[in-house]
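Residue-level structural notes
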Amino acid sequence: MKCISLATVLLLLTPTFALAQSNPAERTLFQSVNRERKGHNLNALRWDESLAKAARKHAHEMAKRGAVEHTFPGEPSLPARANKAGARFISISENVVRAANARSAHTQFMNSPNHKANILDSDINSIGIGAVEQGGELFVVEDFSRAKR
């Protein structure tokens, strides 16, 4: 019988546990992205809590400002935000939107060629999502990466 270390078990369970700690909109968006990828014969993305941390921070900033931007004046760039949150990546991209709910946000992403291209990028393997509700609107950030192993 092969023995698995506790560290290995924790490493394997961490993405699942972290996703369980996400809010319902974030989980819905994660499932929607992977459903789209499966429909295009692409591998499912792994949840990356460091990317989610960066995405949530930026989603909070968008909600606070009531605006949708990839970077606000005085705010670090996407790569800098992700690095600061602990993400390790070879490449990184981002989708941002303001919508009524998670389903509407995903529909908007899929109706935008650039956002859809990020979701269906065969070179990425990880995602972190931040979704913040403010004033009846949902501010969504999806951060995608090709994670370093």
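Look a little higher up for the structure.
Since the structure is predicted, the reported quantities are computational estimates derived from the model, not experimental observations.

Basis of the calculations
Residues numbered from 1 in each chain as written. Predicted model: local features only at pLDDT ≥ 70, side-chain atom pairs only at ≥ 80, totals over all residues. Heavy atoms only, no water. Helix = DSSP H or I, 4+ residues; strand = E, 2+ residues; numbered from the N terminus. Buried < 20%, exposed > 50% of the residue type's maximum accessible area, 1.4 Å probe, protein only. Contact = heavy atoms within 4.5 Å. Areas by Shrake-Rupley, 256 points an atom, 1.4 Å probe, with all protein chains shown as cover. Polar contact = N/O pair within 3.5 Å; in protein donor to acceptor, adjacent residues only side chain to side chain. Expected span 1.5 Å × (residues − 1). Phe/Tyr/Trp six-rings, centres within 6.5 Å; stacked < 30°, edge-to-face > 60°. Pairing = 2+ DSSP bridges. Axes fitted to C-alpha atoms, helices over the stretch in contact; angles between N-to-C directions.

1. Section: the overall build of the protein chain
The secondary structure content of the protein chain amounts to 6 helices and 4 strands. In the protein chain, which comprises 149 residues, the proportion classed as buried is 45%. A separation threshold of at least 6 residues defines the contact pool for the protein chain, and within that pool the share at least 24 residues apart is 65%. Carbon and sulfur atoms form 55% of the exposed surface of the protein chain, whose accessible area is close to 8500 Å².

2. Some words on the environment of Glu94
In this structure, Glu94 sits in strand E2 (residues 89-99). Taking the C-alpha atoms as reference points, Glu94 and Pro79, 15 residues apart in sequence, are found 10.0 Å from one another. Discounting chain neighbours no more than four positions away, the residues touching Glu94 are His58, His70, Leu78, Arg81, Asn118, Val141, Glu142, Asp143 and Phe144. Within the structure, Glu94 has its side chain in polar contact with the side chain of Arg81 (distance 2.8 Å).

3. A short note on helix H3 (residues 49-65)
Spanning 17 residues, H3 covers 24 Å between terminal C-alpha atoms, matching the ideal 24 Å at 1.5 Å per step. Buried residues along H3 sit in contact with helix H2 (24-39), strand E1 (46-47), helix H4 (78-84), E2, strand E3 (126-134) and strand E4 (137-147). Regarding H3, its N-cap is Asp48, as a side-chain oxygen of that residue lies 2.8 Å from the backbone nitrogen of Ser50 further along.

4. Concerning the environment of Val141
Relative to the helices and strands, Val141 resides in strand E4. Val141 sits in the buried class, given a relative accessible area of 0%. Taking the C-alpha atoms as reference, Val141 lies 9.3 Å from Val68; in sequence the two are 73 residues apart.

5. Topic: the packing of aromatic side chains
Applying the stated rule across the entire model yields 1 aromatic pair. Seen in terms of ring centroids, Phe30 and Trp47 are 5.4 Å apart; in terms of plane orientation they differ by 90 degrees. Their pairing is edge-to-face. In this pair, Phe30 sits in helix H2 while Trp47 sits in strand E1, placing the two residues 17 residues apart along the sequence. Relative accessible area serves as the criterion here: at 5%, Trp47 is assigned to the buried category.

6. Quick notes on the sheet that holds E2
Ordered by their spatial adjacency, 4 strands build an open sheet running E1-E3-E4-E2, and the pairing between neighbours is mixed. Looking at which strands have only one partner, the edges of the open sheet turn out to be E1 and E2. Here 10 bridges tie E2 to E4, and the two strands are oriented antiparallel to one another. Bridged to Glu94 within E4 is Asp143. Across the face of the sheet, H2 comes into contact with E1, E3 and E4 while running at roughly 140 degrees to E3. The strands touched by helix H5 (residues 102-110) are E2 and E4; relative to E2, the strand with the most contacts, the crossing angle is about 120 degrees.

7. Brief notes about the side chain of Glu26
Structurally, the position occupied by Glu26 is in helix H2. Residue class for Glu26 comes out buried when judged on its relative accessible area of 2%.

Any link to function would need more than the numbers given here.
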